Amino acid sequence: MKKFVSLALAGSLLVSLVGCGASSSAAPASSAASGASSAASTSAEISLGVTAPLTGSLATYGESVQKGVNLAIDEINKAGGILDKQVKVTFEDDKGDSTEGANSFNKLVSEGVCAIIGSVTSGVTSGLATLTDENGMLLITPSGTADTLTEGHPSVFRACFNDSYQGSIAAEFAAKDLGAKKVAILYASSDPYSAGIAASFEAACKTYGLDVVAKESSSSMTDTDYSAQLTNIVAAGPDVIFAPYYYDTVGPYIVPQTRAAGYAGVILGADGWDGTTDTMVDDKSLYNNTYFINHYAADNPSEEVQNFVTSFTAAYGSTPNAIAAMSYDAVYMIKTAIEKAGTDTTADIVKAMTGMEFSGVTGSFKLNELNTPEKPAVVMEYVDGKLVFKASVGGAS
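Residues numbered from 1 in each chain as written. Predicted model: local features only at pLDDT ≥ 70, side-chain atom pairs only at ≥ 80, totals over all residues. Heavy atoms only, no water.

1. Some words on the packing of aromatic side chains
Then, number 1: Under the definition given, this model contains 15 aromatic pairs.
Then, number 2: Between Phe-308 and Phe-312 the ring centres are 5.8 Å apart and the planes differ by 55°, which places this aromatic pair in the tilted class. Taken together, the residues Phe-308 and Phe-312, both in helix H9 (residues 303-316) and four residues apart, mark about one turn of the helix.
Then, number 3: Judged by relative accessible area, Phe-308 falls into the buried class, the value being 1%. (Phe/Tyr/Trp six-rings, centres within 6.5 Å; stacked < 30°, edge-to-face > 60°. Helix = DSSP H or I, 4+ residues; strand = E, 2+ residues; numbered from the N terminus. Buried < 20%, exposed > 50% of the residue type's maximum accessible area, 1.4 Å probe, protein only.)

And the structure:
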């Protein structure tokens, strides 16, 4: 397991000390947690941790997290840090795996970080939520949307909306914007992200008068053959097929196989589709008439978004996706909480973040009673392989 420390972007961190409420020597996870909860840090720097899939099938997500976090840290340090302290960030690779996620989390706790950003997927983050309670840590996931991630976990937060909201928004868009009457659902039954959004979408269909004419499932998010399920779905004649999967399955398998099954209608997805541009097959026209719910649009004309896009593009030579934007916001949410608390002690940061109001790249919002932002969603469309903004749906305008 490799460890990456933000040096190039975060600037030169000259003092190598244990940060955020831990003692100056390495401590077991339980000791680190106790120190983080009860004692103010005397370190010359603030230490944050990140766990993300830096390798493996979801490495595109991990790379986006790393870039978004590093950009925020670089800006903060250049502006004088937080509470006059420079910020250090340590990255751990969870490979998109729950066991690796737990190992990454425990390693970061033992190193004395005061807050952890991660992980990307709901599956990995769900295991970290329990560890967060046990260790008195603050965890903020940039993109884990499963409703249960924050339920009963007072020190687990997120920078994104949750599945029940996302599924409802998808149904609203299908009915009101697309004029659909009949819909079909394809989802992965074993995955909490896919199954959770599918369930909330199906429930919302009743609200918006949509008839679910077919519902098919795969055994996992990584299946490669969906032909049997799609044959049944297409035979039911839906106006829209809702398929909440990740980009590494959507691009090479689900969309091409749906078109091969003879379906030319709308395919609608969730935020896991972000990144599909990188996994598309050669014929980009197959992806026309496809949409997905997302957290931000890079072509949003707001000054905050465009400043972020400009800085990100200058640093990395590419346009930031939603994962990068939410990871960037997650760092600034922690900064806001530390400044409000007046200390980098974990327990005080948790108190300051609870119910916080925040304005960032992905919107202005207040964290609700489940530590989840209440904010509008955007609908993105693929046109000849390019991602374009379609509509803003839900929340406050």
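2. Some words on the pairing of strand E13 (residues 363-366)
Two faces, one strand: in a regular strand the side chains alternate between the faces of the sheet.
Then, number 1: Where burial is concerned, the two faces of E13 differ: the one with Gly-363 and Phe-365 is buried and the one with Ser-364 and Lys-366 is not.
Then, number 2: Of the strand pairs in this sheet, strand E12 (residues 357-360) and E13 are connected by four bridges, and their pairing is antiparallel. In the strand pairing of E13, Ser-359 is matched with Ser-364.
Then, number 3: What sits between the antiparallel neighbours E12 and E13 is a turn of two residues. (Pairing = 2+ DSSP bridges.)

3. Observations regarding the sheet that holds strand E15 (residues 386-393)
Strand pairing in a sheet relies on backbone hydrogen bonds, with the paired strands running either antiparallel or parallel.
Then, number 1: Strand order across the open sheet formed by seven strands is E8-E7-E9-E10-E11-E14-E15, with mixed pairing between neighbours. Of all strands in the sheet, those bounded by a partner on one side alone are strand E8 (211-218) and E15. Averaged over neighbouring strand pairs, the angle between their axes works out to 25° when direction is ignored.
Then, number 2: Looking at chain direction, strand E7 (residues 182-188) and E8 are connected through seven bridges and run parallel. Note that in E8 the partner of Ile-185 across the bridge is Lys-215.
Then, number 3: Where helix H6 (residues 192-207) meets the sheet, its contacts fall on E7, E8 and strand E9 (240-242), and the angle it forms with E7 comes to roughly 160°.
Then, number 4: Packing of helix H7 (residues 227-235) onto the sheet brings it into contact with E7, E8 and E9, and relative to E8 it is tilted by some 175°. (Axes fitted to C-alpha atoms, helices over the stretch in contact; angles between N-to-C directions. Contact = heavy atoms within 4.5 Å.)

4. Describing the nonpolar core
Then, number 1: In terms of nonpolar packing, the biggest core is built from 108 residues, with Val-69, Ile-140, Tyr-245, Phe-308, Met-333 and Met-353 touching the most fellow members.
Then, number 2: Here this core takes 13 residues from helix H10 (residues 322-341), the largest share from any one element.
Then, number 3: Every residue in contact with Met-353, bar those within four places of it in the chain, is listed here: Leu-138, Ile-140, Phe-157, Met-333, Ile-334, Ala-337 and Leu-367.
Then, number 4: Leu-108, Leu-128, Ala-129 and Leu-139 belong to the second-largest nonpolar core, a separate cluster that totals 12 residues. (Core = buried A, V, L, I, M, F, W, Y, C linked by side-chain atoms within 4.5 Å.)

5. Describing the pattern of salt bridges
Then, number 1: According to the stated counting rule, one finds 10 salt bridges in the structure shown.
Then, number 2: The residue Lys-107 makes a salt bridge to Glu-92 at a minimum N-O spacing of 3.7 Å. Taken together, the residues Lys-107 in helix H3 (residues 98-110) and Glu-92 in strand E3 (residues 86-93) connect sequence positions 15 residues apart.
Then, number 3: You can call Lys-107 partly exposed: its relative accessible area is 31%.
Then, number 4: Close ionic contact of Lys-176 with Glu-172 constitutes a salt bridge, the shortest N to O distance being 3.8 Å. Remark: Glu-172 and Lys-176 occur in helix H5 (residues 163-177); sequence separation between them is four residues, near one turn of the helix.
Then, number 5: Using a relative accessible area of 16% as the deciding quantity, one classes Glu-172 as buried.
Then, number 6: Salt bridges sharing partners connect three or more residues here, namely Asp-93, Lys-95 and Glu-100. (Salt bridge = Lys/Arg side-chain N within 4 Å of Asp/Glu carboxyl O.)

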